[in-house]
Amino acid sequence: MEDLLFDINETARAIRRAIDQRAAVFGVTRAQWRVLVRLKREPGLRQVELAERLDMEPITLCRIIDRLEEAGLVERKPDPSDRRAWRVEVTQKAEPLVKKLRGLAHDLAEEAMGGIEETDLKDLQFQLAAIRANVARAGEQRAKAIRA
């Protein structure tokens, strides 16, 4: 089973490397790509919410948003319910870039999944979701044991 975890990690690393190479063509990093895509899916997230969803330290995210804002790709808007917080949205200027990045992601997925039957891919998705749930559950149980 350890070999399977190793294979999953190596596969994820290969995908990250491919994303890095493809993102560089458009002058963005993988981290910037992730921020843009997440904000496109969930516009107006508070910075702290965005950091949680991306599993990123808030200060790291702040720097990424600073760069994206300088490029005119995102904008911060005051949170009407909390004057200390900012909500972040993708700008109109970013729309063509996000569309191109989605196209690159689609192409990468097609290449990565090439030759694998649709039913096998669905099974794999289900199995990976089960692995994530098991890992989360085990983490919660360890945390409870530590607190007890």
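Structure first, text after, so check above.
Criteria and thresholds
- Residues numbered from 1 in each chain as written.
- Predicted model: local features only at pLDDT ≥ 70, side-chain atom pairs only at ≥ 80, totals over all residues.
- Heavy atoms only, no water.
- Salt bridge = Lys/Arg side-chain N within 4 Å of Asp/Glu carboxyl O.
- Buried < 20%, exposed > 50% of the residue type's maximum accessible area, 1.4 Å probe, protein only.
- Helix = DSSP H or I, 4+ residues; strand = E, 2+ residues; numbered from the N terminus.
- Pairing = 2+ DSSP bridges.
- Contact = heavy atoms within 4.5 Å.
- Axes fitted to C-alpha atoms, helices over the stretch in contact; angles between N-to-C directions.
- Core = buried A, V, L, I, M, F, W, Y, C linked by side-chain atoms within 4.5 Å.
- Patch = residues over 30% accessible without salt bridge, like charges linked within 9 Å, V, L, I, M, F, W, Y side chains within 5 Å.
- Areas by Shrake-Rupley, 256 points an atom, 1.4 Å probe, with all protein chains shown as cover.
- Expected span 1.5 Å × (residues − 1).
- Arc of directions from axis to C-beta.

Undergrad: What am I meant to see in the pattern of salt bridges here?
TA: Once the charged atoms of two side chains with opposite charge are near each other, the side chains can pair. For the coordinates displayed, the defined rule picks out 14 salt bridges. Notably, a salt bridge pairs E75 with K77, separated by 3.7 Å at the nearest N-O pair. The partly exposed category is assigned to E75, whose relative accessible area is 33%. A relative accessible area of 33% places K77 in the partly exposed class. The closest approach of N and O atoms between K77 and E89, which form a salt bridge, is 3.2 Å. Of this pair, K77 sits in strand 2 (residues 74-79) while E89 sits in strand 3 (residues 82-90), placing them 12 residues apart in sequence.

Undergrad: Looking at this structure, I do not really get the sheet that holds strand 1 (residues 45-46). What am I missing?
TA: Each strand in a sheet pairs with its neighbour through backbone hydrogen bonds, running either in the same direction (parallel) or in the opposite one (antiparallel). Across the sheet, three strands lie side by side as 1-3-2; this open sheet has antiparallel pairing. Of all strands in the sheet, those bounded by a partner on one side alone are strand 1 and strand 2. Here strand 2 runs beside strand 3; their pairing, made up of six bridges, is antiparallel. Within strand 3, the position partnered with V74 by the bridge is V90. Contacts from helix 2 (residues 30-41) reach strand 1, strand 2 and strand 3 within the one sheet, and its direction differs from that of strand 3 by about 100°.

Undergrad: In this structure, what is going on with the nonpolar core? I would like to understand it.
TA: Here is a general trend for soluble globular proteins: nonpolar side chains tend to be buried in one another's company. Among the nonpolar cores identified, the biggest contains 28 residues, and V35, L36, L39, L50 and L61 are the most heavily contacted of them. Those elements giving two or more residues to this core turn out to be helix 1 (2-24), helix 2, helix 3 (47-54), helix 4 (58-70), strand 3 and helix 5 (95-113).

Undergrad: Before we go on, may I ask you to explain a nonpolar patch on the surface in this structure?
TA: A surface patch of nonpolar side chains, about 270 Å² in accessible area, is lined by L4, L5 and I8. Here L4 lies in helix 1.

Undergrad: Explain helix 5 here, please?
TA: At 3.6 residues per turn, the α-helix brings residues three or four places apart onto the same side. Across its 19 residues, helix 5 extends 27 Å between first and last C-alpha, which sits within 8% of the 27 Å expected from 1.5 Å per residue. Within helix 5 the residues assigned to the buried category are L97, V98, L101, L104 and L108. Axial view of helix 5: buried residues confined to an arc of 120°, hence all on one face. Seen from the buried face of helix 5, the exposed residues on the opposite side, beyond 90 degrees, are K99 and E110.

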